[in-house]
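The chain contents come next:
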Amino acid sequence: MKYIRKGNEPQEFTEWKAQQKFVGVNCNYGSLQNPEKRLVHQSLLHEQGYICCYCCMRVATDTSHIEHLNPQSKTDSDLSVEYTNMLASCGSSKHWPKHCGNNKKDNAIMVSPLQSNCEDLFSYSSNGKIEAANNLNQKHNDDVRKTIDILGLNDYDLTQARINALDALQGITNDEAQQLAQVCMQKNTQDEYEPFCTAVLYYLKRYFGVQP
């Protein structure tokens, strides 16, 4: 999980909500259609650097969906169209593997990618598993473990993808590790983060002593 710094919602989305309320139409996510819905989706992907809000795999418009951090079933109409409650999660259909937004469904999670310290709460093992970081207090440990379970972050496909990302680091030098750490911390010229950047950065810190 990578910290997401929310930006401003698309102006067209703001205007659509204002118009809906002005004419007395029920303003909720179910009534959101294109082009406003597409613009919101594109904005979410851009601010996340085209990685999933939960697992950090590479995503695009056709491999992701608009996710509600606070489930729609448990929120009022206004919150269902609140941009700060929206993220882009991997999975574009019900046939997508059961992890992240497709596994979360209507459940609430205890650790959010909007928490500035969320990256520090997770650790990664060489077998591709994501776990609670060491030295957490009992509550934080329980919250992290429940979040991992609700999101299915140790799904087989995800663990294999992390293994592949970490295997690519074998044989790199200390200088290369330092350079790669900088790459993992910022978007490239296409405004993209590296896939599984948090797992790679954790590995570089632990095994190469990198201090970004």
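Structural data are supplied above this passage.
Since the structure is predicted, the reported quantities are computational estimates derived from the model, not experimental observations.

## Considerations on the overall build of the protein
Looking only at helices and strands, the protein has eight helices and four strands in total. Listing every helix and strand of the protein by position from the N terminus yields α-α-β-α-β-α-β-β-α-α-α-α. Radius of gyration (C-alpha) of the protein: 18 Å, near the 17 Å computed for a compact globule of 212 residues. Expressed as lengths along the three principal axes of its C-alpha atoms, the size of the protein is roughly 60 × 40 × 30 Å. Residues classed as buried in the protein amount to 45% of the 212 residues present. Placing the 21 positive and 25 negative side-chain charges of the protein at their respective mean positions leaves the two points 5 Å apart.

## Section: the nonpolar core
Core analysis: the biggest nonpolar cluster contains 56 residues, and Phe13, Tyr54, Phe122 and Leu153 have the highest contact counts within it. A per-element tally of this core places helix α8 (residues 197–208) first, with six residues.

## Topic: the packing of aromatic side chains
Tallied over the full model, the rule gives four aromatic pairs. Relative to Tyr202, the ring of Tyr124 lies with its centre 5.8 Å away and its plane at 65 degrees, an arrangement referred to as edge-to-face. Separated by 78 residues along the polypeptide, Tyr124 in strand β3 (residues 122–124) and Tyr202 in helix α8 bring together distant segments of the chain. Here the aromatic residues Tyr203, Tyr207 and Phe208 are joined through ring pairs into a cluster of three or more. The aromatic ring of Tyr83 is capped on one face by Lys6, whose charged end is 4.2 Å from the ring centroid. Its end group placed over the ring of Phe13, Lys17 keeps NZ or CZ at 4.4 Å from the ring centre.

## With respect to helix α6 (residues 156–167)
Under the 1.5 Å per step criterion, the end-to-end length of α6 is 16 Å for 12 residues, consistent within 8% with the ideal 16 Å. All of the buried residues along α6 are Leu158, Thr159, Arg162, Ile163, Ala165 and Leu166. Along the axis of α6, the buried positions cluster into a sector of 165 degrees, meaning they face one direction only. Away from its buried face by more than 90 degrees, α6 exposes Tyr156 and Asn164. Summarising the contacts, the buried residues of α6 are in contact with β3, β4 (130–132) and α8. Between the side-chain oxygen at the start of α6 and the backbone nitrogen of Asp157 there is a gap of 2.9 Å, and the oxygen is on Asp155.

## Some points on helix α7 (residues 174–185)
In this model, α7 (12 residues) spans 17 Å end to end at C-alpha, consistent with the 16 Å of a helix rising 1.5 Å per residue. For α7, every residue scored as buried is listed here: Ala177, Ala181 and Cys184. For α7, the angular spread of the buried residues around the axis is 65 degrees, confining them to a single face. Among the exposed residues of α7, those pointing more than 90 degrees away from its buried face are Asp175 and Gln179. Close packing links the buried residues of α7 with α8.

Conventions and cut-offs
Residue numbering note: each chain is counted from 1, following its sequence as written. Selection of residues for local features in this predicted model requires a pLDDT of at least 70, selection of side-chain atom pairs for listing and counting requires 80 or more, and totals for whole chains, interfaces and linings are taken over all residues. Computation of side-chain values: all heavy atoms of the structure, hydrogens and water removed. Strands are runs of DSSP state E lasting at least two residues, helices are runs of H or I lasting at least four, and both sets are numbered from the N terminus onward. When we talk radius of gyration, it's over C-alpha atoms, and the globule rule is simply 2.2 Å times the number of residues to the 0.38. Residue exposure (1.4 Å probe, protein chains only): buried if accessible area is under 20% of the type maximum, exposed if over 50%, otherwise partly exposed. Under the counting rule used here, the positive set is Lys and Arg, the negative set is Asp and Glu, and His together with the chain ends is not counted. The atoms used to mark charge sites are NZ of Lys, CZ of Arg, CG of Asp and CD of Glu. Definition of nonpolar core: a set of buried residues of the types Ala, Val, Leu, Ile, Met, Phe, Trp, Tyr and Cys, connected through side-chain atoms within 4.5 Å. Stacked, tilted and edge-to-face are the three classes applied to pairs of Phe, Tyr and Trp rings, where Trp contributes its six-membered ring and a pair requires centres within 6.5 Å; stacked means planes under 30 degrees apart, edge-to-face means over 60, and tilted covers the rest. Whether a charge lies above a ring is judged from NZ of Lys or CZ of Arg, which has to be within 6 Å of the ring centre and within 35 degrees of the ring normal. An expected span of 1.5 Å times one less than the residue number is assigned to each helix. Within this analysis, the arc is defined by the directions that extend from the helix axis to the C-beta atoms. Two residues qualify as a contact provided that any one of their heavy atoms is within 4.5 Å of a heavy atom in the partner residue. Nitrogen and oxygen atoms within 3.5 Å of one another constitute a polar contact, given that in protein one can donate a hydrogen and the other can accept it, and given that sequence-neighbouring residues count only through two side-chain atoms.

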